[in-house]
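In case you want the letters, here they are:
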Amino acid sequence: LDAIVEGGWRENVEGELALGMRPLLSNVSGSDLFGNPVSLSGHAIGDIDGDGSPDYVTYFGRRIEDCEPSGGLFGEAIPCVELAVAFNDGSGGIADIVYYPANVSIGIRDGLGLISGEPAFYLLDLDEDGRDEMIYTTSMDTDALGNPVNLRFNRVITDRSNPRDLSLSRELPLPIGAILNPVEIDFNGDGMVNIAGSNQYIEPSSIGPVFSRFYDFIGNYFLPRDFGNSRGQKISIADFDGDGDADSLYARGGVDLILVRNLIVDERSSITAALMESGLTGFESTPTSDADGDGLSNEEELLRGTDPLQPDAEMAEDLTPSIEAVGGTPMVSFLRRRDEAVSEFQLEYALQRSRDLRIWEDVPLGSAPVEVLDDRWERLNLNVFEPNGSFYYRTAPHHRAGEVN
């Protein structure tokens, strides 16, 4: 791997980085709120044109002349800038440098004009077409005092037939609410990179970005009001407990720390705990995931008596209920496990009925006769005579997650 730092490229030659640095793109100079000179730089690496070679993008590529950006009460002293893309020539060099006139928000200021946050910029393939999109901060919402509340983003989508001509690009809004410090991370543990913030993330897909529901990690947990609104609050998103999904650490003033665990991957589930002991992490270890890719979820495999870690390790038991007449009385018969897995994995089996296949209700099992078949399975036979019409029946086995300790 080569090294790229602050717009300069140091080539890796047989494991040693070259002493000299080749400049890729120059930084933009400006001044801060008090007139002090500053040099602005920020970059990302991605495949903008989809040719398989990494391109270099800086979001402080070139000043926009005759631009008067706005800021806090005392004004904004940092210049407007354009994005710049250095396209790879396929041989480790630069073929073209193309500028894109994006309305980049290069600083987040509060109501007094003081910098309270940094811009966000990403390269992600949100529609899974092989071309990374440029995603950048355009503006922010503020409260009555001018303090930042929400960031707003745009996504720049290059033209499929001529991706290096940025004038043909499309720019679309990407509304992500209430994210002041978004990060690129695998939030839900499924192996895909997301853009995640303190309460929402977006997932790439072939039909475009899919937005998660707003989350607060553990149901009804919320930060105290004085904590959430305090100046100097920082939110860090990372996998703090090592289970494969991203958790959130809230810090205020270096004194108060609150770690809020993400329960998408929840070790309180006996199935998840057992699969993690077997070496799985992240979303693959959850009950509803299909770890071995054979079409049955982890919990379905355990309910049917197969191994969730081995594709089609053995023939799954058919849990479909059957109806037979016994002595002229209709009986519904179905299988359920009776071995240690029932208690170990907290498995439950319900019999449900419906008149229209849309609305289902549980059928009380009561003292239904149980026929023991072997060490693993038993059969329940239930009298379902119904003088007021007929029903459809199904079994609805499920996994009961553990309680919070």
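Just so you know, these numbers come straight off a predicted model, no measurement behind them.

Rules used throughout
- Residues numbered from 1 in each chain as written.
- Predicted model: local features only at pLDDT ≥ 70, side-chain atom pairs only at ≥ 80, totals over all residues.
- Heavy atoms only, no water.
- Helix = DSSP H or I, 4+ residues; strand = E, 2+ residues; numbered from the N terminus.
- Buried < 20%, exposed > 50% of the residue type's maximum accessible area, 1.4 Å probe, protein only.
- Contact = heavy atoms within 4.5 Å.
- Areas by Shrake-Rupley, 256 points an atom, 1.4 Å probe, with all protein chains shown as cover.
- Lys, Arg positive; Asp, Glu negative; His and termini not counted.
- Salt bridge = Lys/Arg side-chain N within 4 Å of Asp/Glu carboxyl O.
- Polar contact = N/O pair within 3.5 Å; in protein donor to acceptor, adjacent residues only side chain to side chain.
- Patch = residues over 30% accessible without salt bridge, like charges linked within 9 Å, V, L, I, M, F, W, Y side chains within 5 Å.
- Charge placed at Lys NZ, Arg CZ, Asp CG, Glu CD.
- Phe/Tyr/Trp six-rings, centres within 6.5 Å; stacked < 30°, edge-to-face > 60°.
- Lys NZ or Arg CZ within 6 Å of the ring centre and 35° of its normal.
- Pairing = 2+ DSSP bridges.
- Axes fitted to C-alpha atoms, helices over the stretch in contact; angles between N-to-C directions.
- pLDDT = per-residue confidence, 0-100.
- Core = buried A, V, L, I, M, F, W, Y, C linked by side-chain atoms within 4.5 Å.

*Asks:* Mind laying out the overall build of the protein, listing which residues take part and the relevant values?
*Replies:* Counting secondary structure elements, the protein contains 4 helices and 33 strands. Classification of the 405 residues of the protein by burial places 42% in the buried group. Sequence separation of 24 or more characterises 47% of the internal contacts of the protein that already satisfy a separation of 6 or more. For the protein, the computed accessible surface area is about 21600 Å², with 50% contributed by carbon and sulfur atoms.

*Asks:* How would you explain the side chain of Asp132 if you had to name every residue and give the values?
*Replies:* Its location among the elements puts Asp132 in the loop between β14 (121-124) and β15 (133-142). One buried charge, Asp132, has no salt-bridge partner; the nearest side chain with opposite charge is Arg131, at 9.4 Å. A polar contact is formed between the side chain of Asp132 and the backbone nitrogen of Asp125, at a distance of 3.3 Å. With sequence-adjacent residues up to four places away left out, Asp132 is seen in contact with Gly46, Asp47, Ile48, Leu123, Leu124 and Asp125.

*Asks:* So what's going on with helix α2 (residues 270-277)? Which residues, and what values?
*Replies:* Among the residues of α2, those classed as buried are Ser270, Ile271, Thr272 and Leu275. Here the buried face of α2 lies against α3 (298-304), α4 (341-344) and β33 (398-399). One or two positions beyond α2, positive phi appears at Gly279, with a value near 110 degrees.

*Asks:* Talk me through a negative patch on the surface; I want residue IDs and the actual numbers.
*Replies:* A cluster of like negative charges, contributed by Glu317, Asp318, Asp374 and Asp375, occupies part of the molecular surface. Note that Asp374 resides in the loop between β30 (370-372) and β31 (377-383).

*Asks:* Go over the pattern of salt bridges with me, naming the residues and quoting the values.
*Replies:* Here the structure, examined in full by the defined rule, presents 12 salt bridges. A salt bridge links Asp339 to Arg337, with the shortest nitrogen-to-oxygen separation between them at 2.8 Å. Owing to a relative accessible area of 12%, Asp339 belongs among the buried residues under this scheme. A salt bridge links Arg353 to Glu361, with the shortest nitrogen-to-oxygen separation between them at 2.7 Å. Accessibility expressed as a relative area gives 21% for Arg353, which makes it partly exposed.

*Asks:* Let's hear about the packing of aromatic side chains: which residues, and what values?
*Replies:* In this structure the tally under the stated criterion is 2 aromatic pairs. Here Arg394 stacks its cationic end above the ring of Trp360, 4.0 Å away from the centre of that ring.

*Asks:* Got a sec to walk through the sheet that holds strand β26 (residues 329-337)? Specific residues and values, please.
*Replies:* Spatial ordering of the open sheet is given by β25-β26-β31-β30, a layout of 4 strands whose pairing is antiparallel. A single partner strand is all that each edge strand has here, and the edge strands are β25 (322-326) and β30. Each strand axis lies, on average, 30 degrees off the axis of its neighbour in the sheet, ignoring direction. Of the pairings in the sheet, the one linking β30 to β31 comprises 3 bridges and is antiparallel in character. By the bridge assignment, Val372 is partnered in β31 with Glu378.

*Asks:* Just give me the short version of unusual backbone geometry, but keep the residues and values in it.
*Replies:* In this structure, Gln346 takes a positive phi of about 55 degrees despite not being glycine. Considering the arrangement of structural elements, one finds Gln346 in the loop between α4 and β27 (347-348). For Gln346, a relative accessible area of 18% puts it in the buried group.

*Asks:* Which residues make up the confidence of the model for the protein, and what values do they have?
*Replies:* For the protein, mean pLDDT is 74; residues scoring 70 or higher make up 69% of the total. In the model of the protein, helix α1 (residues 225-228) stands out as the element of lowest mean pLDDT, 42, in contrast to strand β29 (residues 361-362), which has the highest, 89. A low-confidence stretch, residues 69-78 stays under pLDDT 50, and its non-local contacts, those more than four residues away or across chains, total 23 contacts. Per-residue pLDDT stays below 50 along residues 218-232; that stretch engages in 26 contacts with residues further than four places along the chain or on separate chains.

*Asks:* Can you tell me about the sheet that holds strand β20 (residues 201-203), naming the residues and giving the values?
*Replies:* Within a sheet, adjacent strands bond to each other through the backbone by hydrogen bonds, running parallel or antiparallel. In space, the 4 strands of this open sheet follow the order β18-β19-β20-β21, with antiparallel pairing throughout. Among the strands making up the open sheet, the edge pair consists of β18 (183-185) and β21 (210-211). In terms of strand pairing, strand β19 (residues 194-196) meets β20 through 2 bridges, oriented antiparallel. For Ala196, the partnering residue across the bridge sits in β20 and is Tyr201.

*Asks:* A description of the nonpolar core should follow, citing residues and the corresponding values.
*Replies:* The biggest cluster of nonpolar side chains holds 23 residues, and the ones touching the most others in it are Phe345, Leu347, Tyr349, Leu351, Leu382 and Tyr393. Looking at this core, the elements that each hand over two or more residues are α2, α3, β26 and β31. When sequence neighbours within four positions are dropped, the list of residues in contact with Tyr349 reads Leu303, Leu319, Phe334, Leu335, Arg336, Arg337, Leu365, Trp377, Ala396 and Pro397. Among the nonpolar cores identified, the runner-up in size contains 16 residues, and Phe87, Val98, Phe121 and Tyr136 belong to it.

*Asks:* Before we move on, could you go through the side chain of Asp243 and cite the residues and values that matter?
*Replies:* The class for Asp243 is buried, based on a relative accessible area of 0%. Not counting chain neighbours up to four residues away, the residues in contact with Asp243 comprise Arg261, Asn262, Val265, Glu267, Met276, Thr281 and Gly282.

*Asks:* Tell me about the environment of Pro163, residues and numbers included.
*Replies:* Of note, Pro163 is situated in the loop between β16 (148-157) and β17 (170-174). A C-alpha to C-alpha distance of 9.8 Å links Pro163 and Asp51, two positions 112 residues apart in sequence. When neighbours within four sequence positions are excluded, Pro163 is seen to be in contact with Ile48, Asp49, Phe87, Arg131 and Thr158.

*Asks:* Tell me what's going on with the environment of Glu348, and back it up with residues and numbers.
*Replies:* Residue position: Glu348 is located in strand β27. Along the sequence, Glu348 and Ala396 sit 48 residues apart, while their C-alpha atoms lie 8.4 Å from each other.

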